[in-house]
Amino acid sequence: MSGKRRVSSDTTPLLDPQQRSSPRYDPSSDRSFTPASFSVEMSATVTATAPHRHVFLGVDVGTGSARAGLFDENGKLLGSASSPIQIWKERDYVEQSSTDIWHAICAAVKSACSLANVAEEEVTGIGFAATCSLVAVDADGAPVSVSWSGDPRRNIIVWMDHRAVKQAEKINSSNSPVLQYCGGALSPEMQPPKLLWVKENLQESWSMVFRWMDLSDWLSYRATGDDTRSLCTTVCKWTYLGHAHMQQMSENDSRDMEACGWDDDFWEEIGLGDLVDGHHAKIGRSVAFPGHPLGSGLTPTAAKELGLVAGTPVGTSLIDAHAGGVGIMESVPEAYSDSNDYDKEAICHRMALVCGTSTCHMAVSQSKLFIPGIWGPFWSDISLFEILNNILRTMVDDQKAPFFAALTEDVHILPDFHGNRSPIADPKAKGIICGLTLDTSDKQLALLYLATIQGIAYGTRHIVEHCNAHGHKIDTLLACGGLSKNPVFIQEHADIIGCRIVLPRESESVLLGAAILGAVAAKKYASLSEAMKALNAAGQVIHPSNDPKVKKYHDAKYQIFRQLYEQQLSHRSTIAKALE
């Protein structure tokens with residue numbers, strides 16, 4: 001189980017200016033597309049086809065699969081399907097294929113439409129969301145290898161790839177002003193370090209690449225031929241200065257999408273000045289707000305591959321976790337809402353937890369807040385989580401534990417097994433398990449599982465406290481993603497952080513967030529914020545335990561959790577001195 005943590009503090013307004021389009025690409029020229037067969041997992045609530053329905057399609061590409069979800073005008077999930085995607089992992093190198101991903105998307109979209117009984121002409125708008133992986137293509141849109149193997153299929157550096165640790169350190173030593181918008185330091189999982197790694201190690205590939213794109217931007221480009229980038233991806237992973245973009249639009253009263261937020265001095269200083277050439281053609285000449293309609297919608301080629309209608313509006317994309325934020329941030333019960341109208345202050349008290357391969361913590365503020373460090377299937381009728389949860393419940397009675405969480409009194413876990421993005425921003429951080437024994441029973445496995453959940457929750461508490469200490473006022477969490485369906489995961493988070501946690505009515509919030517982009521692109525709503533208010537809906541609310549013993553216990557374990565990292569730093573320093 002991954003304990004890595006990431007967080008962003010979003011201060012960009014959700015706007016939707018009418019903007020012009022950039023040059024188009026004809027996907028029919030994509031030499032990488034070939035027919036393939038797929039294994040598809042599906043789930044849906046089948047509904048009868050109604051005439052003139054408006055259905056919004058959201059597509060989400062995660063680490064292990066591509067998913068498609070169809071939503072009605074009330075934000076209710078009509079049906080969804082998923083298709084697995086290939087991944088190559090070798091030490092710190094993690095790679096994927098854009099061709100394989102597009103195939104998986106086509107399979108998932110067709111299956112979802114079929115299962116939900118949605119006709120192609122009913123799909124009114126489409127939105128894409130994906131991991132922050134880096135895609136390389138040539139002038140014809142064909143894949144360019146980013147792998148030591150030279151395999152052209154492997155043209156994506158996956159978000160979790162850590163090959164660029166040294167490049168990140170080099171960039172962070174520059175002390176560029178852009179770094180303040182990344183918590184003071186770039187992670188090796190962001191795009192500039194990865195680009196620098198390719199330039200330093202794969203010169204032939206570097207010279208061949210015509211476009212470097214975030215995966216979600218590539219998906220909308222593949223669908224429409226419009227290579228306009230998202231303000232979401234460029235700001236969060238490329239050091240694009242969104243406030244500069246907003247300021248120029250305001251000063252000039254311009255609807256132009258020209259990319260005006262790139263800091264050319266930064267790219268020159270870190271050795272990537274060639275990316276400035278051609279008005280930043282390789283990394284983005286035009287940037288638009290999420291949900292902006294791209295090109296003329298689906299190209300005929302993409303429409304045929306997806307089983308949809310050519311010209312269907314496609315909205316500018318979002319990072320997958322941000323799509324989860326869009327799909328959940330307004331999912332607050334009326335009892336907890338300060339106003340029936342859009343309340344800018346109320347939303348600033350919330351934090352979204354998008355719980356996937358890693359957990360992304362997202363909060364909104366009205367003013368700039370610079371905060372350091374902020375930035376497998378089992379064949380069974382019962383899930384592995386439920387098996388372990390049941391074992392733990394039995395152990396409470398067997399061991400006469402005073403309360404559920406107390407089972408881990410002798411086991412403490414720092415879950416930074418793949419480094420820490422927030423709030424410590426230390427990619428060299430390692431995981432720690434304290435309390436191991438020779439016990440190999442299923443009960444011991446269950447204890448390690450519970451301690452890992454608690455470790456992840458302590459990390460979230462650290463982030464919330466860190467954010468609130470720097471100007472946020474977070475008192476409500478909204479959770480979505482696969483792990484949010486695990487009651488133990490959610491209850492432990494509520495108890496440890498001391499905040500109520502709101503779950504969405506619909507379980508597929510990331511897909512809903514992507515679908516909202518399509519709804520805005522189709523002009524069914526004037527802005528993302530309006531669409532969120534209309535399509536988000538709250539479900540269950542989980543409250544912290546009112547047992548003071550539970551709070552006292554978690555306060556103590558939280559202090560141990562914080563000490564584990566401090567001890568790691570001390571050990572690291574001791575060894576470094578011994579090796580001098």
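Residues numbered from 1 in each chain as written. Predicted model: local features only at pLDDT ≥ 70, side-chain atom pairs only at ≥ 80, totals over all residues. Heavy atoms only, no water.

J.: Account for the overall build of the protein, naming residues and giving values.
T.: The helix and strand tally for the protein stands at 18 helices and 21 strands. In the protein, which comprises 580 residues, the share counted as buried stands at 58%. As displayed, the protein has an accessible area near 23,200 Å², and 52% of this comes from carbon and sulfur atoms. (Helix = DSSP H or I, 4+ residues; strand = E, 2+ residues; numbered from the N terminus. Buried < 20%, exposed > 50% of the residue type's maximum accessible area, 1.4 Å probe, protein only. Areas by Shrake-Rupley, 256 points an atom, 1.4 Å probe, with all protein chains shown as cover.)

J.: So what about the pattern of salt bridges? Which residues, and what values?
T.: Where charged atoms from two side chains of opposite charge come close, those side chains can pair. Scanning all chains against the criterion turns up 19 salt bridges. Measuring nitrogen to oxygen at the nearest pair gives 2.9 Å for the salt bridge that ties arginine 67 to aspartate 60. Close ionic contact of lysine 428 with glutamate 169 constitutes a salt bridge, the shortest N to O distance being 3.0 Å. With a relative accessible area of 41%, lysine 428 lands in the partly exposed category. (Salt bridge = Lys/Arg side-chain N within 4 Å of Asp/Glu carboxyl O.)

J.: Account for a negative patch on the surface, with residues named and values stated.
T.: On the surface, Asp264, Asp265, Glu268, Glu269 and Asp277 cluster together into a negatively charged patch. Broken down by element, the residue count for the negative patch peaks at four residues, all from helix α8 (residues 264-269). (Patch = residues over 30% accessible without salt bridge, like charges linked within 9 Å, V, L, I, M, F, W, Y side chains within 5 Å. Lys, Arg positive; Asp, Glu negative; His and termini not counted. Charge placed at Lys NZ, Arg CZ, Asp CG, Glu CD.)

J.: Give a description of helix α18 (residues 548-578) that names residues and reports values.
T.: Compared with an ideal rise of 1.5 Å per residue, which puts 31 residues at 45 Å, α18 spans 45 Å between its outermost C-alpha atoms and is within 8% of the ideal. Of all the positions in α18, only Val550, Tyr553, His554, Lys557, Tyr558, Phe561, Leu564, Tyr565 and Gln568 are classed as buried. Regarding α18, its N-cap is aspartate 547, as a side-chain oxygen of that residue lies 2.9 Å from the backbone nitrogen of lysine 549 further along. (Expected span 1.5 Å × (residues − 1). Polar contact = N/O pair within 3.5 Å; in protein donor to acceptor, adjacent residues only side chain to side chain.)

J.: I'd like to hear about the pairing of strand β9 (residues 134-137), residue by residue, with values.
T.: Of the two faces of β9, the one carrying Leu134 and Ala136 and the one carrying Val135 and Val137 are both buried. With four bridges connecting them, β9 and strand β11 (residues 211-214) associate as antiparallel partners. Across the sheet, leucine 134 pairs through a bridge with aspartate 214, a residue of β11. The sheet contact formed by β9 and strand β10 (residues 156-157) spans two bridges and is antiparallel. Pairing of valine 135 across the sheet is with isoleucine 156, part of β10. (Pairing = 2+ DSSP bridges.)

J.: So, the sheet that holds β10: which residues are in play, and what are the values?
T.: The strand order β6-β7-β10-β9-β11 describes an open sheet built from five strands, whose pairing is antiparallel. In the strand order of this sheet, the two ends are held by β6 (88-90) and β11, each with one partner. Pairing geometry for strand β7 (residues 93-96) and β10, over two bridges, is antiparallel. Considered in β10, the bridge of glutamine 96 is made with isoleucine 156. The strands touched by helix α5 (residues 215-224) are β9, β10 and β11; relative to β11, the strand with the most contacts, the crossing angle is about 110°. With respect to the sheet, helix α6 (residues 231-238) is in contact with β9 and β11, its orientation differing from that of β11 by roughly 95°. (Contact = heavy atoms within 4.5 Å. Axes fitted to C-alpha atoms, helices over the stretch in contact; angles between N-to-C directions.)

J.: Run through the environment of serine 111, naming residues and quoting values.
T.: Positionally, serine 111 belongs in helix α1 (residues 98-115). We classify serine 111 as buried; its relative accessible area is 16%. At 2.9 Å, the side chain of serine 111 forms a polar contact with the backbone oxygen of alanine 107.

J.: Please give an account of helix α14 (residues 442-469) that cites residues and values.
T.: Because the α-helix completes a turn every 3.6 residues, residues three or four places apart line up on one side. When the terminal C-alpha atoms of α14 are compared, their 40 Å separation across 28 residues agrees well with the 40 Å that a helix rising 1.5 Å per residue should span. In terms of residue burial, α14 counts as a mostly covered element, since 21 of its 28 residues are buried. At the C-terminal side of α14, glycine 471 shows a positive phi close to 120°.

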